[in-house]
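A structural walkthrough
The lines below spell out each chain.
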Amino acid sequence: MILEKFLPSERDSWIWKLADLSDVTGIVTLAQRHFENEIDSIFKPEPIVLARNVTFAIVNQHYLPGTELISVAKNGDGRIVAYTWAKRGDRACWSDDEIVSIRMAHVDLTMPVKLRIRLINDMLDIWEGYAYAVGVPIICSNSMRREQDAFLKLHARRGYEVRGSYAYKKLNLTQATPAN
């Protein structure tokens, strides 16, 4: 299965691509630099654990296509400015309906707000394209960030039902392509 066709267009100053093992360090660095402080009062940040889990996801993406998706946005100098990680196979405890769970959606917080919003919109496109490609009708995205209102409003504008810090979208898989 080739997922590249669901990646955003060339209109941007960054290029989205499926992550490979050479991207692990950049992903971990971005997470440490911008998001570690969001979890450190609850969890002990362990970069080596994140690197291991990202590595496993990239290997799964390569050898078990469709099970996981890690996509990175790189700017002109090759630096990762955003990444997202989605995984299929999850289920709510009250249903056997399969879910695409969004594990990460990180952007470089030093970028202007408009560009960060465009990157997150790109991620929403990527998630929906992935869900259509693997035939999973429900996407679940959540946030544990202290400031999450703008992130969740972007979801709502794209047709997600926002409940607390969770956003759900049920797709119509009978459509040939995602409707944006």
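Residues numbered from 1 in each chain as written. Predicted model: local features only at pLDDT ≥ 70, side-chain atom pairs only at ≥ 80, totals over all residues. Heavy atoms only, no water.

What to know about the sheet that holds strand E2 (residues 68-74)
Going by this rule: Think of it this way: DSSP has to see at least two bridges between two strands before they count as a pair. The helix count covers DSSP runs of H or I at least four residues long, the strand count covers runs of E at least two residues long, and both are numbered beginning at the N terminus. Every axis corresponds to a line fitted to the C-alpha atoms, with the helix fit spanning only the stretch in contact, and the corresponding angles, defined between N-to-C directions, vary from 0 to 180 degrees. Contact between two residues is taken to exist if any of their heavy atoms lie within 4.5 Å; hydrogens are not considered.
Strand order in this open sheet of seven strands is E1-E2-E3-E4-E5-E7-E6, and the pairing throughout is mixed. What marks the edges here is a single partner per strand, and that holds for strand E1 (15-18) and strand E6 (161-163). With direction set aside, neighbouring strand axes in the sheet form an average angle of 25°. Bridge count for strand E4 (residues 98-107) against strand E5 (residues 138-142) is three bridges, and the pairing is parallel. Directly across from isoleucine 99, in E5, lies its bridge partner isoleucine 138. Against the sheet, helix H1 (residues 24-39) touches E2, strand E3 (80-91) and E4, its axis set at about 100° to E3. Lying on the sheet, helix H2 (residues 47-63) is in contact with E1, E2, E3 and E4; it crosses E2 at an angle near 110°.

What about the packing of aromatic side chains?
To keep things clear, this is the line we draw: Two aromatic rings from Phe, Tyr or Trp, using only the six-membered ring of Trp, form a pair when their centres are within 6.5 Å; if the ring planes differ by under 30 degrees the pair is stacked, by over 60 it is edge-to-face, and anything between is tilted. Here, a charge over a ring is recorded when the distance from Lys NZ or Arg CZ to the ring centre is within 6 Å and its angle to the ring normal is within 35 degrees.
Enumeration according to the criterion identifies one aromatic pair in this entry. In this arrangement the basic side chain of arginine 103 is found over the ring face of tryptophan 85, its NZ or CZ atom lying 4.7 Å from the centre.

Some points on the pattern of salt bridges
Note the cut-off: Note on definitions: salt bridges are taken to be side-chain nitrogens of Lys or Arg within 4 Å of carboxyl oxygens of Asp or Glu. Exposed residues in this analysis have more than 50% of their type's maximum accessible area, buried residues have under 20%, and partly exposed residues fall in between, with area computed by a 1.4 Å probe over protein chains only.
For the coordinates displayed, the defined rule picks out eight salt bridges. The residue aspartate 108 makes a salt bridge to arginine 79 at a minimum N-O spacing of 2.7 Å. Taken together, the positions of aspartate 108 in the loop between E4 and helix H3 (113-134) and arginine 79 in the loop between E2 and E3 put the pair 29 residues apart, joining distant regions of the chain. Aspartate 108 sits in the buried class, given a relative accessible area of 3%. What emerges from the salt-bridge pattern is a single network uniting Lys17, Asp20, Asp23 and Lys74.

Re the confidence of the model for the protein
Filter applied, for reference: What pLDDT conveys is the predictor's confidence in a given residue, as a value from 0 to 100.
Looking at the protein as a whole, its pLDDT mean stands at 89, while 91% of the residues score no less than 70. Here residues 1-7 is modelled with pLDDT under 50, and outside its nearest four sequence neighbours on either side it reaches 17 contacts, counting other chains as well.

Re the nonpolar core
Definition in use: Nonpolar cores were defined as sets of buried Ala, Val, Leu, Ile, Met, Phe, Trp, Tyr and Cys residues, with membership established by side-chain atoms within 4.5 Å.
Of all hydrophobic cores here, the largest spans 29 residues; its most connected members are Trp16, Val100, Leu119, Trp127 and Ile139. Contributions of two or more residues to this core are made by E2, E3, E4, H3 and helix H4 (149-157). Per element, the largest residue contribution to this core is ten residues, and it comes from H3. The residues touching tryptophan 127, leaving out its near neighbours within four places in the chain, are Thr84, Ile102, Ala105, Ile139, Ser141, Phe151, His155 and Tyr160. Counting 16 residues, the second-largest nonpolar core is a separate cluster that includes Ile27, Val28, Ala57 and Trp85.

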